[in-house]
Amino acid sequence: GQFAAIAWLRWRIFVNSLRTVRGRLEMVSWILMGLGFALFGLGGAFGLGAAAWFLVSRGTVEWLAGPLWGVLLYWQIFPVMATAFSENFDASNFLRFPLAYRPYFLLRVIYGALDPSTMIGTLWLIGIAVGIGIAAPQLLPWAVFVLAVFAAFNILLNRAIFSWIERWLAQRKTREIFGIVFFLFIISFQLSGPLINYYVHHAGKGATP
């Protein structure tokens, strides 16, 4: 009954928001963002699936840790960075209502499961499982089990991180700081290439007799 009431309330908030021009524009932007996330997720799933197929077919299964670390970092970092550009629903508001611990925990997990990063990460893990299954069908059941546990771990870890910093991220100044850090992080990738080439070039000159 509590879950049904919360779902109905969120649905009514969404329907009422469509009565304004701003609400309609936000719905259009969400649709466009959803298409972009879908393309990003499917493209990443294809790429990671091809990488998993290549690694397993070559017998270097241990190198699958590389793609999985990439999925883990994206799954945990992207949602935190995304809060710098949008207003997010504070799930701790549910504490105002007479909810027991178990329903409150399940609500937070459901909100985490509906997050775009969770959906994209799930698509990527499905791509890895398909790549492993094509390369070595006998490993597919174990791969599905391990990747399912890995997905559950990421969802719970993401919810734990947000429970620690949710109030902090709700402040506008904090979101601005995260936005600046995010842009500096992107710019650092563009500067790292020339710096690496510079040091490699000079190291090569120093090694030449």
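Conventions adopted
Residues numbered from 1 in each chain as written. Predicted model: local features only at pLDDT ≥ 70, side-chain atom pairs only at ≥ 80, totals over all residues. Heavy atoms only, no water. Phe/Tyr/Trp six-rings, centres within 6.5 Å; stacked < 30°, edge-to-face > 60°. Helix = DSSP H or I, 4+ residues; strand = E, 2+ residues; numbered from the N terminus. Buried < 20%, exposed > 50% of the residue type's maximum accessible area, 1.4 Å probe, protein only. Polar contact = N/O pair within 3.5 Å; in protein donor to acceptor, adjacent residues only side chain to side chain. Contact = heavy atoms within 4.5 Å.

A.B. asks: Talk me through the packing of aromatic side chains; I want residue IDs and the actual numbers.
C.D. replies: Summed over the entire model, instances satisfying the criterion amount to 3 aromatic pairs. A centroid spacing of 5.4 Å and a plane angle of 70 degrees characterise the contact between Phe40 and Trp124, whose relative ring orientation is edge-to-face. Within this pair, whereas Phe40 is found in helix 2 (residues 21-57), its partner Trp124 is found in helix 5 (residues 116-135), the two being separated by 84 residues in sequence. For Trp124, a relative accessible area of 9% translates into the label buried. Here the aromatic residues Phe40, Tyr74 and Trp124 are joined through ring pairs into a cluster of three or more.

A.B. asks: Before we move on, can you summarise the side chain of Asn154 with the specific residues and values?
C.D. replies: Relative to the elements of secondary structure, Asn154 occurs in helix 6 (residues 140-169). Looking at Asn154, its side chain comes within polar contact range of the side chain of Gln76, at 3.0 Å. With sequence-adjacent residues up to four places away left out, Asn154 is seen in contact with Leu72, Trp75 and Gln76.

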